[in-house]
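Breakdown of the fold
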Amino acid sequence: MRKKALSLISVIMIFTLILTGCGGGGSSSGKSDVIKIGWIGPLTGDQAVWGTCESNTLKMMVEEANANGGILGKKLEAVCYDTKGDASEAVNAVKRLISQDKVVAIVGPNASGQALAISAVLNQYKVPDIATVATNPKVTVNDDGSVKPYNFRVCFIDPYQGAVAGGYAYDKLGYKNAAILYDVASDYSQGFTEFFEKTFTEKGGKIVAKEGFKEGDVDFRPQLSKIKEANPDVILMPYYYKEVALSSNQARELGIKATLMGGDGWPSDQLMTMAGDAIEGSYVVNHLDFNDPEVKPLQDAYKAKYNLPLELNGYMAHDAFKLLEAAIKDANSFDPVKITESLSKVTVKGVTGNIKISPDDHNPSGKEAAIVKIENKNYVFQEKYGVK
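Model, not experiment: these values are computed from the prediction.

**A few points about the packing of aromatic side chains**
Summed over all chains, the structure comprises 14 aromatic pairs. A ring pair is formed by Trp50 and Tyr241, whose centres lie 5.1 Å apart and whose planes are at 80°; its orientation type is edge-to-face. Taken together, the positions of Trp50 in helix α2 (residues 48-67) and Tyr241 in helix α9 (residues 241-253) put the pair 191 residues apart, joining distant regions of the chain. The two residues Trp50 and Tyr241 agree in class, both being buried. For the ring pair Phe196 and Phe200, a centre distance of 5.5 Å and an interplane angle of 10° mean the geometry is stacked. Taken together, the residues Phe196 and Phe200, both in helix α7 (residues 187-202) and four residues apart, mark about one turn of the helix. The two residues Phe196 and Phe200 agree in class, both being buried. In this structure an aromatic cluster arises from ring pairing among Trp50, Tyr188, Phe192, Tyr240 and Tyr241. Here the guanidinium or amino end of Lys176 rests over the ring plane of Tyr170, the centre of that ring lying 4.6 Å away. It is Lys305 that lies over the ring of Tyr306; its NZ or CZ is 5.7 Å from the centre.

In structure tokens form, the structure reads like this:
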């Protein structure tokens, strides 16, 4: 019995650690001198590498702010919950953050499906959320075009990066024939695909093959064989690094030599390890140039603290926190409604560019994409590229 009891306690302790990845939910409950900021994202599952980096970065930013006196004279606490990459888990996490932990705002999630799911809860409790890499247009805007009052983001959206990829492939790389392999169950992948296809064909290009799969698939050879027959110049792969690694390796095994292209679901050191030479020469639509000297201080600070490379999501979490910090100072209040009002008033210089939230759609205005090319297992910046 004692052994069983100890085992049960161990399980509970592990579960608690997973739920409170940023340093303890509710540990300072009731302390008026501590202001809580929530975070949600994947700390387990296929996307855990991104969620871990986001939560680590937010924790680091909170510690830095506290070392400089906090915000408005108050110390901050980050409270983080694991969504496991699941929309229902995201809803439950937001409810807990607001009703139990009494957070004044939430950063994350990184995925559109989870960000879409939490809108009703944010509206109910009137607490703002700043998504990091949730790029589906509907995250911040309703079907009728009206803005969602408590949903914000610091990333550009799927139509934009899809259009950027399509425009760059045709105008800059000179490709005329494109194939698409996409995740039919992913809002992200579908949105990216739609606007790549629209832009590429409007410019005069031709989609010679379009094949789908579902997240979790590991064999892409049937789809890739059809794509090979179409002989495209470029293959768009608008999905996440795990499937990118599998599909790119299989494409090369089948003898496909077309250039591969993707978006912000690609960047990860894990991709370089898993895909190797298969993705050499690929082009990626990204949010920033990883080798920009202006981002080096953040990279160095993260490396020094965690002994890990800074993933894309860490840069986005940094900018989300900076936006929130500026909004709190502008509002001169920790009232979530007043913070919400200030989020579209302030402008901050982030590592991914200047962040100015449009009151019309709660997206950052005027952010250009960074086109990077994978060379020698590095993301090599090519140029800033935007479409109107």
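**Quick notes on the sheet that holds strand β3 (residues 105-107)**
Here we have five strands laid out as an open sheet, ordered β2-β1-β3-β4-β5, and parallel in their pairing. The open sheet is flanked by β2 (75-82) and β5 (151-153), the only strands paired with a single partner. Each adjacent strand pair in this sheet contributes to an overall mean axis angle of 25°, direction not counted. Note that β3 and strand β4 (residues 129-131) share two bridges and pair parallel. Pairing of Ile106 across the sheet is with Asp129, part of β4.

**Brief notes about the environment of Met272**
The topology assignment puts Met272 in helix α10 (residues 269-275). For the pair formed by Met272 and Glu89, sequence separation is 183 residues and the distance between their alpha carbons is 30 Å. If we ignore the near neighbours within four places in the chain, the residues touching Met272 are Ile279, Ile374, Lys377, Asn378 and Tyr379.

**Digging into the pairing of strand β13 (residues 369-375)**
Judged by how many residues are buried, β13 sits mostly within the fold: six of seven residues are covered. Of the pairings in the sheet, the one linking strand β10 (residues 283-286) to β13 comprises four bridges and is antiparallel in character. By the bridge assignment for β13, Asn286 is matched with Ala370. By the bridge criterion, seven bridges tie β13 to strand β14 (residues 378-385) in an arrangement that is antiparallel. Bridging across to β14, Lys373 finds its partner in Val380. Two successive antiparallel strands, β13 and β14, enclose a turn made up of two residues, where Asn376 displays a positive phi of approximately 55°.

**Observations concerning the confidence of the model for the chain**
In the predicted model, the chain carries a mean pLDDT of 91, and 91% of its residues have values of at least 70. In the predicted structure, residues 1-21 sits below a pLDDT of 50 and forms 12 contacts with residues beyond four places in sequence or in another chain.

**Quick look at the pattern of salt bridges**
For the coordinates displayed, the defined rule picks out 14 salt bridges. Lys203 is the salt-bridge partner of Asp171, the closest N and O atoms lying 2.7 Å from each other. With Asp171 in helix α6 (residues 158-172) and Lys203 in the loop between α7 and β7 (206-213), this residue pair connects regions lying 32 residues apart in the sequence. In this structure, the salt-bridge partner of Glu197 is Lys210, at a minimum N-O distance of 3.0 Å. In this pair, Glu197 sits in helix α7 while Lys210 sits in strand β7, placing the two residues 13 residues apart along the sequence. The class of Lys210 is partly exposed, set by a relative accessible area of 39%. Each of Asp219, Arg221 and Glu253 takes part in one network of salt bridges that share partners.

Scoring rules and cut-offs
Residues numbered from 1 in each chain as written. Predicted model: local features only at pLDDT ≥ 70, side-chain atom pairs only at ≥ 80, totals over all residues. Heavy atoms only, no water. Phe/Tyr/Trp six-rings, centres within 6.5 Å; stacked < 30°, edge-to-face > 60°. Helix = DSSP H or I, 4+ residues; strand = E, 2+ residues; numbered from the N terminus. Buried < 20%, exposed > 50% of the residue type's maximum accessible area, 1.4 Å probe, protein only. Lys NZ or Arg CZ within 6 Å of the ring centre and 35° of its normal. Pairing = 2+ DSSP bridges. Axes fitted to C-alpha atoms, helices over the stretch in contact; angles between N-to-C directions. Contact = heavy atoms within 4.5 Å. pLDDT = per-residue confidence, 0-100. Salt bridge = Lys/Arg side-chain N within 4 Å of Asp/Glu carboxyl O.

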